[in-house]
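# Chains, contacts and geometry: an overview
So you can see what is in the structure, the chains are spelled out below.
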Amino acid sequence: MINARILEIAKSQVKTTNDTKEFIMPSSWNEYITTVMAESGYVTRGAIYGTDGRKWASSKGFSISTDEIRHLMHGFIDPTKMWTDGIRVGGKPFTCTRSESGLIVGRESSDGFGCVVYKCNKCLLIAVHEEGAHPGGCYNLITKLGEYLKEQGV
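Criteria and thresholds
Residues numbered from 1 in each chain as written. Predicted model: local features only at pLDDT ≥ 70, side-chain atom pairs only at ≥ 80, totals over all residues. Heavy atoms only, no water. Helix = DSSP H or I, 4+ residues; strand = E, 2+ residues; numbered from the N terminus. Buried < 20%, exposed > 50% of the residue type's maximum accessible area, 1.4 Å probe, protein only. Contact = heavy atoms within 4.5 Å. Areas by Shrake-Rupley, 256 points an atom, 1.4 Å probe, with all protein chains shown as cover. Expected span 1.5 Å × (residues − 1). pLDDT = per-residue confidence, 0-100.

## Describing the overall build of the protein
- The helix and strand inventory of the protein stands at 5 helices and 9 strands.
- Beginning at the N terminus, the succession of helices and strands in the protein can be written as α-β-β-α-β-β-α-α-β-β-β-β-β-α.
- Counting the 154 residues in the protein, one finds 47% classified as buried.
- Sequence-distant contacts in the protein: of pairs separated by 6 or more residues, those separated by 24 or more amount to 50%.
- With an accessible surface of roughly 7,800 Å², the protein has 48% of that area assigned to carbon and sulfur atoms.

Written out as structure tokens, the structure reads:
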């Protein structure tokens, strides 16, 4: 479940004026990666990319290629290729285990690691859980954070 600290950080990134919510690109999307994702204990590596493929923030050394972003974005439209060819995140292959409107989940069969990708209005939340991180916790954290950002118009 998403905790109060996570919501506090998420809310600090959306400015409200005259009863309207206005998205203002914060100077610190990295705070989402370090404080919200990594410190949760559920996400080993994470990234936020714009739907245009630009990197907003990522864990140190974690990079998603332009082709990987393009493949993920196409997967939200037509997941057929992901079901047959799998998903690649940060250069690592995953088997697609779930794909629905705005959500893609993958699992690496030999070690049980996995990934969760959530499509907001303007960005993708990408998280990888590895040894020591709970898959269900990663899924819940990313979907709750994604829902919140989506509600805010991000």
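Once the structure has been displayed, the description carries forward.
## Focus: helix 5 (residues 135-151)
- Compared with the 24 Å implied by 1.5 Å per residue over 17 residues, the 24 Å span of helix 5 between its first and last C-alpha is a close match.
- Buried within helix 5 are the following residues: G137, C138, L141, I142, T143, L145, G146, Y148 and L149.
- Following helix 5 by one or two positions, G153 has its phi on the positive side, about 90°.

## Concerning the confidence of the model for the protein
- Per-residue pLDDT for the protein averages 84, and the proportion of residues at 70 or more is 82%.
- Of all the helices and strands in the protein, strand 2 (residues 20-23) carries the lowest mean pLDDT, 48, while strand 8 (residues 114-119) carries the highest, 97.
- Taken together, the stretch residues 21-27 has pLDDT below 50 and engages in 16 contacts with residues farther than four places along the chain or on a different chain.

## Considering the side chain of H129
- Mapped onto the secondary structure, H129 falls in strand 9 (residues 123-129).
- Among the residues examined, H129 registers a relative accessible area of 5% and is labelled buried.
- With residues near it in sequence (within four places) discarded, H129 still touches Y42, T44, R107, G112, F113, G114, C115, P135 and C138.

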